[in-house]
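So you can see what is in the structure, the chains are spelled out below.
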Amino acid sequence: MRRTRHGWQLIVFVGAILLPSVALVVVSQRTMQQSLELAGKRRLDEQRAAKERIAREMLARLESLKRAASDPQIALVARVESGHLLLPWESDPAVRRFRELTARPPAFAASLSRGEQAEFAGRDLDTAARSYAEALRLSADPLQSAYSRLLLARALGKQRRTAEAATEARQVLQAPVDMVDEDGVPLSVEAAALLLASPADRTAIRRVLTQAAEARAWQSPIAAFTLSNLADQLQQALPAEHQAWIKDFRGRLTASIRLQEQLQALQNDAARLGLLEPRKSVWTFYQGAEPWLVGTDQAADGQVLVTVVRALDVFRPFEAAGNLHFFASTEPGGELLADDFPGLKVLFAGAGAADAPGSRLTNWLYYGALFVLVGATAFGTSLLWRSLRREMELAETRSQFVASVSHELKTPLTAIRMFAETLQMGRSQDKEVQNEYLETICSECERLSRLVNNVLLFAKIEQGKSVYRFRRVALADNLRRAVHTLSYPLAQHGFELRMDLDEDLPAVNADPDALEQAVLNLLTNAMKYSGEKKEIDLRLGRRNGEAVIQVTDYGVGIAAGEHARIFEKYYRAPTPENQSVPGTGLGLTLVAQIVRAHGGCVDVESAPGKGSTFTIRLPLASET
Ligand code: ADP
């Protein structure tokens with residue numbers, strides 16, 4: 001019957017909780033996975049379409065830039081000549097002009113070269129200054145006069161004719177910045193270098209440097225080096241009010257030198273990147289001090305033109321509109337934008353379906369629901385498991401109880417039958433022996449009735465029936481009656497029972513039969529668990545306004561861990577000594593219930609091998 005019930009519970013649990021939960025988990029997991037895959041695919045499709053659109057729009061924008069003659073986004077348009085990307089300073093018309101004007105007319109050119117010869121090879125500064133002055137006289141063009149004056153100033157300076165040198169240099173300082181020497185360095189900048197020591201000229205020098213730095217988008221490396229060298233020297237010499245300016249100036253200079261280096265690197269990489277051939281609609285991404293998009297085209301005259309566009313300006317509107325980011329293909333992540341843009345990658349923010357905010361929320365919901373489901377199932381399982389275990393334990397103890405009751409019934413019945421049959425057959429004629437047999441039969445009958453009383457009382461209490469009839473009871477009498485009931489078995493087993501009863505104790509309000517039953521149970525236990533020491537003490541006294549009944553034995557004792565449990569129903573301490581002692585596990589349960597019903601309490605003091613003292617405390621009737 002019980003087994004079937006457990007079977008049913010298991011079937012109900014599996015059918016109602018476990019199977020639906022597992023099915024739900026599996027189904028939702030699959031649905032989740034499918035929706036994630038779908039969302040991922042959709043995102044990929046969207047991104048592919050977005051990439052195509054962006055590439056198309058970017059291409060159109062760049063191609064239109066290529067056609068525009070000038071645009072702030074265009075960093076440079078350079079020609080390819082004999083397989084070589086020509087950098088701005090390599091084809092500077094101002095430099096060409098300088099070369100032309102310093103070579104003609106021959107008299108002028110001769111004076112210049114005589115001067116340089118004397119200045120550098122002969123170290124004859126007088127002759128040098130004279131030759132440069134002659135060249136100045138011969139000059140027919142402002143550039144010629146500015147250049148020869150510059151050389152004159154330099155020679156005079158070397159001769160320590162400082163004032164004359166400064167006068168000449170000051171005139172050159174006024175020369176326009178597009179008047180440059182063969183290295184692309186403005187003549188005014190060279191003059192400024194000669195005037196560095198003169199505080200009066202600092203404002204003019206500052207103006208010249210600023211103009212020179214701003215005049216050209218691309219300085220020649222030597223011009224940039226000269227300017228930065230000058231700025232370094234100037235920083236040492238300038239007073240505090242110029243420091244902020246020089247710092248800013250140097251900063252800009254450094255930035256333009258970096259771009260210059262990037263351009264030189266591009267020149268070196270041009271062949272590798274395929275920039276020497278005209279390729280329509282292809283824009284190579286080139287990352288350096290700043291990112292560039294480099295396109296090539298064929299000019300009307302057949303020459304290859306290379307256009308360098310500042311990529312950040314091109315990217316900005318796309319990055320602002322969509323949640324995306326462009327970067328070099330050498331970096332990890334992202335994907336190539338399109339074949340038309342070699343070296344350029346794009347990364348969409350939140351790429352990967354699982355990162356999308358919508359799907360993240362769904363994920364959370366899903367895992368939350370799953371967590372609640374699994375939690376509820378686990379909770380249900382644990383409750384069910386506990387109730388099953390409790391029931392199984394109860395079933396176990398009940399069957400043990402039935403076995404021990406049967407056993408307890410069998411022993412006295414066998415004895416009664418044996419002695420009765422002996423008497424019946426008249427085997428023993430000795431009167432004394434016959435009396436002994438009869439007393440044994442009576443004692444066994446009493447034992448039987450005690451057992452039956454215990455079981456009946458327990459059953460009534462379990463059913464919640466009121467079983468007590470209270471009246472005033474003299475405890476000493478009550479205890480004596482209990483001892484009398486046990487006098488035969490006590491004597492038979494050789495027990496010494498010492499009694500110490502306070503006869504003056506006032507009466508208590510109690511059910512005398514129930515109380516006797518409780519004391520009998522304690523005394524019977526004292527006998528059962530006495531071991532070798534067959535001594536029992538029964539005391540009655542008062543303490544703190546309570547009647548105190550104590551039963552002490554000197555037997556096997558009880559481990560501290562068992563003290564609370566021995567009062568549970570059906571419980572028997574699982575010690576080897578107890579195995580041989582018959583019992584039902586009901587005795588102390590009843591003691592506790594009876595004493596509680598009398599408004600008292602029972603406890604035990606005991607240790608293994610040291611014996612036990614059970615103490616019942618009852619409120620005294622007169623004191624209540
Ligand atoms: P039982 O029928 O087994 O004696 P009880 O409820 O009277 O049932 O006692 C419960 C358990 O308490 C016993 O099985 C025994 O292990 C322990 N016990 C009770 N009284 C004593 C005692 N005087 N000495 C040692 N152990 C005792």
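Note that the structure is a prediction, hence the values are computed from the model and not measured.

**Topic: helix α14 (residues 475-492)**
Right, so step 1: Here α14 spans 26 Å end to end across 18 residues, near enough to the 26 Å set by a 1.5 Å rise per residue.
Right, so step 2: At Leu486, α14 shows its maximal bend, which comes to roughly 50°, and the proline Pro489 appears one to four places after that position.
Right, so step 3: Immediately beyond the C-terminal end of α14, within one or two residues, lies Gly494, with a positive phi of roughly 75°.

**Observations regarding the side chain of Ser220**
Right, so step 1: As for its position among the elements, Ser220 is in the loop between α8 (202-215) and α9 (221-237).
Right, so step 2: With relative accessibility at 8%, the residue Ser220 sits in the buried group.
Right, so step 3: Separated by 2.7 Å, the side chain of Ser220 and the backbone oxygen of Asp183 make a polar contact.
Right, so step 4: Within the structure, the side chain of Ser220 is placed 3.0 Å from the backbone nitrogen of Ala223, a separation counted as a polar contact.
Right, so step 5: Residues contacting Ser220, with those up to four places away along its chain left out, are Trp89, Asp183, Gly184 and Gln260.

**What about the environment of Leu227?**
Right, so step 1: Along the chain, Leu227 falls in helix α9.
Right, so step 2: On the basis of relative accessibility, which here comes to 1%, the residue Leu227 falls in the buried class.
Right, so step 3: With 18 residues separating them in the primary sequence, Leu227 and Leu209 have C-alpha atoms 7.2 Å apart.
Right, so step 4: Discounting chain neighbours no more than four positions away, the residues touching Leu227 are Val189, Leu209, Ala212, Ala213, Gln219, Phe249 and Leu253.

**Observations regarding the sheet that holds strand β3 (residues 283-286)**
Right, so step 1: With antiparallel pairing, the five strands of this open sheet are ordered in space as β2-β1-β5-β4-β3. Across the chains shown, the open sheet's two edge strands, defined by having one partner strand only, are β2 (84-85) and β3.
Right, so step 2: Against the sheet, helix α10 (residues 243-269) engages β1 (74-81), β2, β3, β4 (292-298) and β5 (304-310), with an angle of about 50° to β4.

**Description of a nonpolar patch on the surface**
Right, so step 1: The grouping of Leu10, Val14, Leu18, Leu19, Val22 and Val26 at the surface amounts to a nonpolar patch, some 490 Å² of accessible area in total.
Right, so step 2: Following the sequence through the fold, Leu10 ends up in helix α1 (residues 2-67).

**Observations regarding the confidence of the model for the protein chain**
Predicted coordinates in regions of low pLDDT should not be interpreted in detail.
Right, so step 1: With 96% of its residues at a pLDDT of at least 70, the protein chain reaches an overall mean of 88.
Right, so step 2: The weakest mean pLDDT in the protein chain belongs to α1 at 81; the strongest belongs to strand β13 (residues 546-553) at 97.

**Considering the sheet that holds strand β8 (residues 344-348)**
Right, so step 1: Taken in spatial order, the three strands make up an open sheet running β6-β8-β7, and their pairing is antiparallel. Taken across any chain shown, the strands that pair with only one partner, and hence form the sheet edges, are β6 (324-328) and β7 (335-336).
Right, so step 2: Sheet analysis places β6 next to β8, joined by five bridges and oriented antiparallel. When the bridges of β8 are listed, Leu324 appears paired with Phe348.
Right, so step 3: Of the strands in this sheet, β6 and β8 are in contact with helix α11 (residues 311-321), which crosses β6 at around 145°.

**Observations concerning a negative patch on the surface**
Right, so step 1: Side chains of Asp430, Glu432, Glu436 and Glu439 sit close together on the surface and give a patch of like negative charge.
Right, so step 2: Assignment of secondary structure puts Glu436 in helix α13 (residues 431-463).

**Regarding the site of the ligand**
Right, so step 1: Of all residues adjacent to the ligand, which total 20 residues, the nearest are Asn525, Tyr529, Arg572, Asn578 and Thr584.
Right, so step 2: Between the ligand and Thr584, the relevant distance is 2.8 Å, taken from an oxygen atom to a main-chain nitrogen or oxygen of the residue.
Right, so step 3: A total of 520 Å² of accessible area belongs to the ligand in isolation, and the protein chains cover 98% of it.
Right, so step 4: Placement of the ligand is best described as lying within the largest pocket.
Right, so step 5: Elements with a contribution of two residues or more to the shell around the ligand: α15 (512-528), α17 (587-597) and β15 (612-619).
Right, so step 6: Here the residues of the shell around the ligand are counted per class, giving nine nonpolar, eight polar and three charged.

Here is what the cut-offs are and how they apply
- Residues numbered from 1 in each chain as written.
- Predicted model: local features only at pLDDT ≥ 70, side-chain atom pairs only at ≥ 80, totals over all residues.
- Heavy atoms only, no water.
- Helix = DSSP H or I, 4+ residues; strand = E, 2+ residues; numbered from the N terminus.
- Expected span 1.5 Å × (residues − 1).
- Bend = angle between axes of the 7 residues up to and from the residue.
- Buried < 20%, exposed > 50% of the residue type's maximum accessible area, 1.4 Å probe, protein only.
- Polar contact = N/O pair within 3.5 Å; in protein donor to acceptor, adjacent residues only side chain to side chain.
- Contact = heavy atoms within 4.5 Å.
- Pairing = 2+ DSSP bridges.
- Axes fitted to C-alpha atoms, helices over the stretch in contact; angles between N-to-C directions.
- Patch = residues over 30% accessible without salt bridge, like charges linked within 9 Å, V, L, I, M, F, W, Y side chains within 5 Å.
- Areas by Shrake-Rupley, 256 points an atom, 1.4 Å probe, with all protein chains shown as cover.
- Salt bridge = Lys/Arg side-chain N within 4 Å of Asp/Glu carboxyl O.
- pLDDT = per-residue confidence, 0-100.
- Lys, Arg positive; Asp, Glu negative; His and termini not counted.
- Charge placed at Lys NZ, Arg CZ, Asp CG, Glu CD.
- Near = heavy atom within 4 Å.
- 1 Å grid on protein atoms, 1.4 Å probe; cavity = no way out; pocket = protein on both sides within 12 Å on 5 of 7 lines; lining within 4 Å.
- Sits in = over half its atoms within 2 Å of the grid points.
- Nonpolar A, V, L, I, M, F, W, Y, C, P; charged D, E, K, R; others polar.

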